Amino acid sequence: MKEQTHKRPDAKPATRLISVRASRLHTSHSLFFFQSLRSLSVTASLFPSSRFLAAALLRPIDFTRARVIVELGMGTGAITHELLRRMLPGAVLYGVDINPAFITHVQRKIRDSRFVPILGGAEALGSFLRQRGIRRADAIVSSLGLTSMGPELRSNILGQVAEHLSRDGVLTQYQYLQVSAPGLPHFRERDFLREYFREVASERVIWNLPPANVYTCRL
Ligand SMILES: C[S@@+](CC[C@H](N)C(=O)[O-])C[C@H]1O[C@@H](n2cnc3c(N)ncnc32)[C@H](O)[C@@H]1O
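So, how was this worked out
- Residues numbered from 1 in each chain as written.
- Predicted model: local features only at pLDDT ≥ 70, side-chain atom pairs only at ≥ 80, totals over all residues.
- Helix = DSSP H or I, 4+ residues; strand = E, 2+ residues; numbered from the N terminus.
- Buried ≥ 20, exposed ≤ 12 C-beta atoms within 10 Å, placed from the backbone.
- Contact = placed C-beta atoms within 7 Å.
- Near = placed C-beta within 6 Å.
- Nonpolar A, V, L, I, M, F, W, Y, C, P; charged D, E, K, R; others polar.
- Pairing = 2+ DSSP bridges.
- Right-handed = clockwise from strand over helix to strand, strands pointing away.
- Core = buried A, V, L, I, M, F, W, Y, C linked by C-beta atoms within 7 Å.
- Axes fitted to C-alpha atoms, helices over the stretch in contact; angles between N-to-C directions.

Caption draft 1: Region of interest: the overall build of the protein chain. The number of helices and strands found in the protein chain is 8 helices and 7 strands. Here the protein chain, with 219 residues, has 34% of them falling under the buried criterion. Pairs at least 24 apart in sequence give 67% of the contacts found in the protein chain among residues at least 6 apart.

Have a look at this one:
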C-alpha cells in the first residue's frame, strides 16, 4: 500500500500552506520534546516558546535601528522566525545554541542570508563576536534556562552579555513562573539581572506553557 505523505499536490494553496505549517510545527515540537527528555536541565522546557512569549520578548527591541542581534538558546527557532520577520534587510542575527540537533534543524528550516547559526555555549559569546569583528550587539534575546544553570556559568554568561551589549541596547530574558519546584535551587532572576543592569522591567506572559516572566534589561 502507498504511504500517505504530508504533501497533497491537488490541495488548494491555502490548504497546502496550512499543511506545510502544521508539519513544520509538528517537527519542531517533537524534536524539542525529545531533546528535552534527553536533557531537561539544558533545554529547560518541554515545549518551544509560544508566539505570545516571542512577541513579549521582541517588543522592547527597536527594529528600526538594530543592526546586530544575538539570540542565545535558539532551540528549534520559535523566536528566531519572529526576529527575522521584524528585522531590517541589512541587519544580522547570530543564533547560538549548544545542542547540535537544534542547529541542524534551524539550518534546514531557515534560509535567510541575515541569519548566522552558531553551535556552541553562550559562555563563548565574547569570542564568537570577536571572531566576526563585532564589538557589541544592539539587542540580545536570551531563552537560556538561568534557573537550572550553575551560578558560575550564569554569571560568566551575563557578564559577557553586559560587556557586549551596546550602551543603548536591550537584553530580553524570560523565566518560567512557579520554578521553585522540589529539586530546583531557589533563584531570583530579577535580583540576579539587577547585578548587571541598571534597569530591569518585567512583564507576565500567561499564554505560554509554562507561563513566564519576561525581563527587559538596560545598562
Ligand atoms: C528553554 S529552551 C528555548 C528554546 C527556544 N528559544 C524557544 O524559545 O522555544 C533553551 C535553549 O537553550 C539552549 N542552551 C542551554 N544552555 C545553553 C548554553 N550554555 N549556551 C547556548 N545554548 C544553551 C538549549 O539547548 C535550548 O535550546
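Caption draft 2: Quick peek at the site of the ligand. Surveying the vicinity of the ligand reveals 23 residues, the closest of which are P48, S49, G73, G75 and S143. Breaking the shell around the ligand down by element, the ones donating at least two residues are helix 2 (40-43), helix 4 (78-86) and strand 2 (92-97). Grouping the amino acids of the shell around the ligand by side-chain chemistry returns 12 nonpolar, 9 polar and 2 charged.

Caption draft 3: Representation of unusual backbone geometry. Cis geometry marks the peptide bond from L209 to P210; its omega dihedral reads -5°. Summarising the element assignment, P210 is placed in the loop between strand 6 (199-205) and strand 7 (212-218). The phi torsion at A44 lies on the positive side, around 70°, for a residue other than glycine. With respect to the helices, strands and loops of the structure, A44 is situated in the loop between helix 2 and helix 3 (51-58). The exposure class assigned to A44 is buried, which follows from the 20 C-beta atoms found within 10 Å.

Caption draft 4: Molecular detail of the pairing of strand 5 (residues 165-176). Both strand 4 (residues 137-142) and strand 5 contribute to a ladder of 5 bridges, which runs parallel. Looking at the pairing, A139 lines up with V170 of strand 5. The parallel pair strand 4 and strand 5 is bridged by helix 7 (residues 151-163), and the resulting crossover is right-handed. With 6 bridges connecting them, strand 5 and strand 7 associate as antiparallel partners. Across the sheet, T172 pairs through a bridge with T216, a residue of strand 7.

Caption draft 5: Spatial organisation of the pairing of strand 6. Bridge analysis of strand 6 against strand 7 gives 7 bridges, and the strand direction is antiparallel. Looking at the pairing, V200 lines up with C217 of strand 7.

Caption draft 6: Highlighting the nonpolar core. Of all hydrophobic cores here, the largest spans 45 residues; its most connected members are L57, I69, A139 and I140. Among the elements that take part in this core, helix 3 stands out by supplying 5 residues, more than any other. In this structure L57 touches I79, V141, T172, Y174 and V214, once residues within four positions along its chain are discounted.

Caption draft 7: Representation of helix 3 within the structure. Those residues of helix 3 that sit buried are L53, A54, A56, L57 and L58. Where helix 3 is buried, its residues touch helix 4, strand 4, strand 5, strand 6 and strand 7.

Caption draft 8: Inspection of the sheet that holds strand 1 (residues 68-72) at higher detail. The 7 strands are arranged 3-2-1-4-5-7-6 in an open sheet whose pairing can be described as mixed. Lying at the two open borders of the sheet, with one neighbouring strand each, are strand 3 (115-119) and strand 6. The average undirected angle you get between the axes of adjacent strands in this sheet is 15°. One ladder, built from 5 bridges, connects strand 2 with strand 3; its direction is parallel. If you follow Y94 over to strand 3, its bridge partner there is V116.

Caption draft 9: Inspection of the environment of S148 at higher detail. Residue position: S148 is located in the loop between strand 4 and helix 7. Counting along the chain gives 104 residues from S148 to A44, while the straight-line C-alpha distance between them is 7.1 Å.

Caption draft 10: Layout of helix 4. All of the buried residues along helix 4 are A78, I79, T80 and L83. Turning to helix 4, the residues buried within the fold contact helix 3, strand 1, strand 2, helix 5 (100-109) and strand 4.

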